[in-house]
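One letter stands for each residue in the lines below.
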Amino acid sequence: MDRRFYPFGLAAVAVVIAAPVAAQDAALQGVIADQLQAFVARDATRAFDHASPMIQGMFATPEMFAGMVAEGYPMVWDNAQVRFGGGEPRGATKVQTVYITDAAGRFHALQYEMIQIEGDWKINGVELLEAPTPSV
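(A) Quick look at the overall build of the protein. Tallying secondary structure elements over the protein gives five helices and four strands in all. Helices and strands in the protein line up, N terminus first, as α-α-α-α-α-β-β-β-β. Of all 136 residues assigned to the protein, the portion counted as buried reaches 32%. When the accessible surface of the protein is split by element, carbon and sulfur atoms take 59% of a total near 8200 Å².

Right under this line is the structure:
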């Protein structure tokens, strides 16, 4: 075997492995983005549909869920701009960092815990992080 081609082969394997990960990241980011759009549109049912069964069980109705978000996460409820940071696996879940600028122009960093249920990504929790100062 000619070893000059071995590293090239590893690069091909890395691309094949990275493609499903990128698709997975895009899918779960799409769920988060759609829920954030639903909050701005005040579509509580659509936003609630993206919550995991655990979260749905805690709040019982879309209206109760929306009320909690409006009260406890006003930057999510009135988000104006969204940017995705890095994501990482954490056991059976995946954690995705999301940077949100709220309607008043304030910058926030949040960490979304995502869980895959029957092939669909669901939001299983959100934690407010200390936001870094945005660069200009």
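There is more to say after this.
(B) The arrangement of the confidence of the model for the protein in detail. Across the protein, the average pLDDT comes to 86, with 80% of residues at 70 or higher. The element-level mean pLDDT for the protein is lowest in helix H1 (residues 6-40), coming to 71, with helix H2 (residues 44-49) highest at 98. Scored below 50 in pLDDT, residues 1-18 makes one contact in the model with residues more than four places away or belonging to other chains.

(C) Representation of the layout of surface pockets in the model. Here the largest pocket is characterised by a volume of approximately 230 Å³. Along the walls of the largest pocket sit 15 residues, with Phe65, Met68, Tyr73, Gly125 and Val126 positioned nearest its centre. Listing elements by their share of the lining of the largest pocket, those giving two or more residues are H1, helix H3 (53-59), helix H4 (62-72) and strand E4 (120-129).

Thresholds applied
- Residues numbered from 1 in each chain as written.
- Predicted model: local features only at pLDDT ≥ 70, side-chain atom pairs only at ≥ 80, totals over all residues.
- Heavy atoms only, no water.
- Helix = DSSP H or I, 4+ residues; strand = E, 2+ residues; numbered from the N terminus.
- Buried < 20%, exposed > 50% of the residue type's maximum accessible area, 1.4 Å probe, protein only.
- Areas by Shrake-Rupley, 256 points an atom, 1.4 Å probe, with all protein chains shown as cover.
- pLDDT = per-residue confidence, 0-100.
- Contact = heavy atoms within 4.5 Å.
- 1 Å grid on protein atoms, 1.4 Å probe; cavity = no way out; pocket = protein on both sides within 12 Å on 5 of 7 lines; lining within 4 Å.
- Points joined across faces, edges and corners; volume = space filled by probe spheres on them.

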